[in-house]
Structures are given as structure tokens and as C-alpha cells.
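# Report on the structure
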Amino acid sequence: MSAPRIPTELVAPVFNPATFGVRGAAHEIFTRLRRDYPLAIAEVPGYDPHWIVTRYEDIREITRQDHLFHSADRSKTLASQLAEQLMRQYTGGLPTIFKTLVHMDDPEHAEHRAVTQQHFYPQAIAKYEAPVRETARRYIEAFLAKGQNADFATELAFPYPAEVVLSLIGVPQKDHQKMLDLTHWLFTYADPDLCRPGANLTDPAEIIKTWDIVYSEFKNYYEPIIADRQKCPREDLASVIANGKVGGCPMNERNMVSYLVIASTAGHDTTSATTATGMWVLAENPDLLRRLKAEPALIPGFVEETIRWTSPVQQFVRSATQDYVLRGQQIRKGDLLYLSYISGNRDEEVFKDPFTFDPTRSPNRHIGFGYGPHICLGQHLARLEMRVLWEELLPRLEAVEMAGEGQMAQSEFVCGPKSVPIRYRLA
Ligand code: HEM
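Just so it is clear, the structure is predicted and the values come from calculations on it, not from any experiment.

## A look at the overall build of the protein chain
Within the protein chain, the regular secondary structure consists of 17 helices and 15 strands. Computed over C-alpha atoms, the radius of gyration of the protein chain comes to 21 Å, within 12% of the 22 Å expected from 2.2 N^0.38 for 427 residues, which places it in the range of a compact globule. Counting the 427 residues in the protein chain, one finds 58% classified as buried. Residue pairs in contact within the protein chain that sit at least 24 positions apart in sequence constitute 72% of those at least 6 positions apart. As presented, the protein chain carries roughly 17400 Å² of accessible surface, and 52% of it is formed by carbon and sulfur atoms. Here the protein chain contributes 46 positively and 54 negatively charged side chains, and the mean placements of these two sets differ by 2 Å.

## Regarding the site of the ligand
Around the ligand sit 27 residues, and of these Lys76, His109, Arg113, His374 and Cys376 come closest. A distance of 2.6 Å separates an oxygen atom of the ligand from a polar atom in the side chain of lysine 76. Tyrosine 341 places a polar side-chain atom, nitrogen or oxygen, 2.9 Å from an oxygen atom of the ligand. Of all the secondary-structure elements, those providing two or more residues to the shell around the ligand are α5 (108-116), α13 (253-284), β8 (315-320) and α17 (379-393). Ranked by the residues each element gives to the shell around the ligand, the list is headed by α13, at 6 residues. Looking at side-chain class alone, the shell around the ligand contains 15 nonpolar, 9 polar and 3 charged residues.

## Some remarks on the packing of helix α10 (residues 176-187) against α13
Running from amino to carboxyl end, α10 crosses α13 at an angle of 85°, the nearest separation of the two axes being 9 Å. When the interaxial angle is binned, α10 and α13 end up roughly perpendicular. The residues of α13 that touch α10, namely those facing Met179, Leu180, Thr183, His184, Leu186 and Phe187, are Ser264, Thr265, Ala266, His268 and Asp269. When its residues are assigned to classes, the contact of α10 with α13 shows 5 nonpolar, 5 polar and 1 charged.

## Examining the coordination of the iron atom of the ligand
Among protein residues, the single donor to the iron atom of the ligand is Cys376 (SG), with a metal-donor distance of 2.3 Å. Considering the arrangement of structural elements, one finds cysteine 376 in the loop between α16 (341-344) and α17.

## Examining the packing of aromatic side chains
Applying the stated criterion to the full structure yields 18 aromatic pairs. With centroids separated by 5.6 Å and ring planes inclined at 90°, the aromatic side chains of tyrosine 56 and phenylalanine 351 adopt a geometry described as edge-to-face. On the criterion of sequence distance, the pair formed by tyrosine 56 in helix α3 (residues 56-63) and phenylalanine 351 in the loop between α16 and α17 is long-range, its members being 295 residues apart. When its relative accessible area of 3% is taken as the criterion, phenylalanine 351 is described as buried. Across the ring face of tyrosine 371, the terminal group of arginine 60 is positioned such that the distance to the ring centre comes to 4.4 Å. Across the ring face of phenylalanine 316, the terminal group of lysine 76 is positioned such that the distance to the ring centre comes to 4.6 Å.

## Points about the sheet that holds strand β12 (residues 397-402)
The 3 strands lie next to each other as β5-β15-β12, forming an open sheet whose pairing is antiparallel. What marks the edges here is a single partner per strand, and that holds for β5 (149-151) and β12. Pairwise comparison of adjacent strand axes, ignoring direction, gives a mean angle of 35° for this sheet. Relative to strand β15 (residues 421-426), β12 runs antiparallel, the two being bridged by 5 bridges. Each residue of the ladder has a partner; that of glutamate 401, found in β15, is arginine 423.

## A closer look at the pairing of strand β3 (residues 50-53)
Neither face of β3 is exposed, since His50 and Ile52 on one face and Trp51 and Val53 on the opposite face are all buried. Bridge count for strand β2 (residues 39-42) against β3 is 4 bridges, and the pairing is antiparallel. Within β3, the position partnered with isoleucine 41 by the bridge is tryptophan 51. Strand direction decides the pairing type here: β3 and strand β11 (residues 336-340), joined by 4 bridges, are parallel.

## Notes on the nonpolar core
Of all hydrophobic cores here, the largest spans 135 residues; its most connected members are Phe152, Tyr222, Met279, Trp390 and Ile422. If one sorts the elements of this core by residue count, α13 sits on top with 12 residues. When neighbours within four sequence positions are excluded, tyrosine 222 is seen to be in contact with Leu166, Ile169, Val171, Met179, Leu260 and Ser264.

## Comments concerning the sheet that holds β2
Sheet architecture is open: 6 strands sit in the order β1-β2-β3-β11-β8-β4, paired in mixed fashion. Edge positions in the open sheet fall to β1 (5-6) and β4 (69-70), since each of these has one partner strand only. As judged from the 2 bridges shared by β1 and β2, these two strands associate in the parallel manner. Opposite arginine 5, over in β2, you have isoleucine 41 as the bridge partner. Seen against the sheet, α3 touches β2, β3, β4, β8 and β11 and runs at an angle of roughly 125° to β11.

## Here's the deal with the pairing of β11
Side-chain direction in a regular strand flips from residue to residue, so the side chains alternate between the two faces of the sheet. Of all the 5 residues making up β11, 5 are buried; the element is thus mostly covered by neighbouring parts of the structure. By the alternation rule, side chains of β11 split into Leu336, Tyr338 and Ser340 and Leu337 and Leu339, which are all buried. Relative to β11, β8 runs antiparallel, the two being bridged by 5 bridges. Looking at the pairing, glutamine 315 lines up with serine 340 of β11.

## Comments concerning the side chain of histidine 103
Tracing the backbone through its elements, the reader meets histidine 103 in the loop between α4 (81-91) and α5. A relative accessible area of 13% means that histidine 103 is categorised as buried. Here histidine 103 is in contact with Ser71, Ala72, Lys76, Thr96 and Phe98, once residues within four sequence places are set aside.

## Comments concerning the environment of methionine 179
Structurally, the position occupied by methionine 179 is in helix α10. What makes methionine 179 buried here is its relative accessible area of 0%. Sequence separation of methionine 179 and alanine 162 is 17 residues, and the distance between their C-alpha atoms is 8.1 Å. If near-sequence neighbours (up to four positions away) are discounted, methionine 179 is found in contact with Leu166, Val171, Phe218, Tyr221, Tyr222, Ser264 and His268.

The rules behind these values
Residues numbered from 1 in each chain as written. Predicted model: local features only at pLDDT ≥ 70, side-chain atom pairs only at ≥ 80, totals over all residues. Heavy atoms only, no water. Helix = DSSP H or I, 4+ residues; strand = E, 2+ residues; numbered from the N terminus. Rg over C-alpha atoms; globule rule 2.2 N^0.38 Å. Buried < 20%, exposed > 50% of the residue type's maximum accessible area, 1.4 Å probe, protein only. Contact = heavy atoms within 4.5 Å. Areas by Shrake-Rupley, 256 points an atom, 1.4 Å probe, with all protein chains shown as cover. Lys, Arg positive; Asp, Glu negative; His and termini not counted. Charge placed at Lys NZ, Arg CZ, Asp CG, Glu CD. Near = heavy atom within 4 Å. Polar contact = N/O pair within 3.5 Å; in protein donor to acceptor, adjacent residues only side chain to side chain. Nonpolar A, V, L, I, M, F, W, Y, C, P; charged D, E, K, R; others polar. Axes fitted to C-alpha atoms, helices over the stretch in contact; angles between N-to-C directions. Parallel < 35°, antiparallel > 145°, perpendicular 65-115°, else oblique. Donors = N, O, S within 2.8 Å, 3.2 Å for Na, K, Ca; no water. Phe/Tyr/Trp six-rings, centres within 6.5 Å; stacked < 30°, edge-to-face > 60°. Lys NZ or Arg CZ within 6 Å of the ring centre and 35° of its normal. Pairing = 2+ DSSP bridges. Core = buried A, V, L, I, M, F, W, Y, C linked by side-chain atoms within 4.5 Å.

Listed below in C-alpha cells is the structure:
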């Protein structure tokens, strides 16, 4: 039996960053795909064929078997044939400029993850609660000082998580804005408001140029920090990475820089997207705000549900290392599999009323942090900073509503709101 094909006109928007700039548009497509093509091939012009994996259980089956579904052999995110070809020319045959944890397979992945793993365990993260709370309070005061009309996304949800993780890394505050900008250039390269200034969004080769510029900027920034921490280690993550050993030897420089890059990008943009979405949900649901204020014990459940609801990491791609049968379909060695985390997190077979936002959802076994050996390293930090923020902010607010149209960023990879204008009344 030949593999099912998804009609191109149905699936092509999934390959277009602009689709994700329209709130709910991607969900409409994925809901149809889950029903009619839960596991089928997309043949979109300009791209190699991809299996589009929409069901929660299939995504888990793939991501827990890292040896069968590799992260390092091809681009880890959706990439056109031209982008892949340019990338290989540029890097001398490698599928990506960066070599972060997400771009590795075992044994390399496990060895590199072990360098920082213990610093991200719940017990290790718990000791940051007091300083993170201080940071949250400072951002809340600054936000409230702006008056009762303000953009929650740009004024609070963007800079607060950046400050938390960048301080942990050891990046001084004066450089946080630079890190925020580089993150946007990388993840929202196709969004006219957030992309690298001057980027030509109509040129398909531009994305490689942007990645090159971003990598060079990060490299130039982090090399002196790595050298400094090797000479004089401090109590920060940069010191752990700069002095980390793999197989008894120091990590190579590309891997060290990439390690710092993933922490200084994925370590906040994801949390920002989730936090901004949380406020958008609250502004549209006054009852929910009242309920959370009356029962703060619901806040951890609220945080968990914002992660399921947002799924800011919308997709990752794996490639099959051997033939494999999934959901009765024959996957062939070398096939590409597009894992739709946003789809898995709205899977009707797993989540009751998946399109209802429910802070009491239990269990809430979402895959917003991924699953298996690559499961998010920073998940406990992300939960802590979001819980603390809502614990501090909600008692200050009496009511909140949207003060204009919210706007989603245009990105097919990490995505969330770029603007959440709110109007609020203080408690
Ligand atoms: C990996 C999501 C916050 C660092 C991942 C993956 C997802 C994810 C889906 C899996 C990648 C894969 O399947 O290959 C999120 C979400 C966050 C968040 C939704 C916030 C709401 C953070 C934070 C950090 C972080 C705060 C802090 C450093 C990482 C790293 C990896 C990762 C280093 C790679 C792990 C590996 O490949 O072994 N994240 N993340 N993330 N995340 Fe997060």
C-alpha cells in the first residue's frame, strides 16, 4: 500500500511562517489533519517530502526512540531544499551552523547534556526561587509604572524571562537587549517587526545569511566570556559550560558557543511566548482571572495549561535511521518526520475538550517540553519563573482586558504573541 499524501493546498500553509501569524489558523489545519491525515506525507514544492506527524502518541513514540529517529543528520527544523543546500555549502557539509543539544544524537547528546544536567534538576532550580521572585517584582513594578494601558508582551513577557536565564548564564544586564534582538532575528526571521533589520524577506537565501550573522555575533560575544570563565570560573552557567568535559576532554568551541546560544535563545523566547499567551487568555476570560485570584493554588495548573495551549516550540524534525512501521504506515530509512507539538497538544484522543483552556486539567501530560532524551532541559526553570510571576502579579490586578488587537509573531518554529495590549485596574 502506498503512503497517503496530504493535498498540497491543505498542508502548504504549515510550511509558511505567515500562517502562524494568524491566531488559530494553524490549529484549523492541524485539526483537519488529525482527522483525515493523522500520519501522511506532505509534498510541498521546494521541500523534501515530510511525514507530518500530528498525533500525540506518534510524537511520543518517535521522540522516545532517539536511536531510530535522529536529530543530527538533517536540519532539525523545517528547511527548504535551497536552505539545506546553502547550509551544507556554507558549513562544508554540515546540516546546521549551530551544534546545540537539540542538534545531537547519542552518545554525543547524552555526554553534552550531562555537562549541565544537574544544574537544571528541580532541587537545583528551587534555590533560584528567591532571586527570581525579586526579578519578577522588579519587572511588575516597572510595568505597572507605565500606566494602565501597556503592551504586556513587549514590556514584561519578553524582558523578564530573558533577564532570568541570562543572569543565570552570567550575561551582564547591559547586554540583555542585544541577546533579545539576536533571539528574535533567529526564531522570528520571517516576521517583519522582529526580523533582523534590513533582512530581505523575499529572498530565500536570506535565512542562511541571518543564521550566519547571528552565529558570528554570538561567537564574538561568548568567546571572551568562555576564555574569562576558563581562567577565573564563577558561580554561573557560562563557567559550567566553559569548563565542561566530554569524554575527559574540554568541549570543542563550536559546541560550547552553541550550548550558550541555546540557553540564551530557547531559554527565554519560549517562556516569553507562553507568558504573553497566559495574559491574553486572562484578558479574554475575566472569570478565570477572578478564580485564580481567589485560589492561587491553581496557578501551577494554570502555568501547565498555558504551556499546552501555547506550545511555543511548534515543531521539530527527525530523520529515520531505519525502516519502521508507525500507525500502520511504512516509514523508510532516511525519511523526514515533522513532529507537530502544537497538534499533539490538542489531540482529541488524549485531551478531553482540547480546545478548552482548563487550569484544573489533570493529568496534563502535554508535550510542550517535548519528550524522551531531548525533553526540555530548562523545564523546571520555565515553570518556576512563570509560577512566581503570576503569584506576584495576580494579587495586584483587579481586572484586565485587551486594549486593542493582540498580534502573533510570524514563525513556523518558536512562536507566540508579539503584542498583547492590555488595560487593567489595580486591586
Ligand atoms: C529542549 C520547549 C524553556 C533550554 C526543548 C524541547 C522543547 C522545549 C519542545 C525539545 C527539543 C527536541 O525535541 O529536540 C520549551 C518550552 C519552554 C522552554 C515550551 C518554556 C515554556 C526552556 C528554558 C531553557 C530551555 C527556560 C533554559 C535554559 C532547553 C534546552 C533544550 C531544550 C537546552 C535541549 C535539550 C536537549 O536536546 O537535550 N525545549 N523550552 N528551555 N530546552 Fe526548552
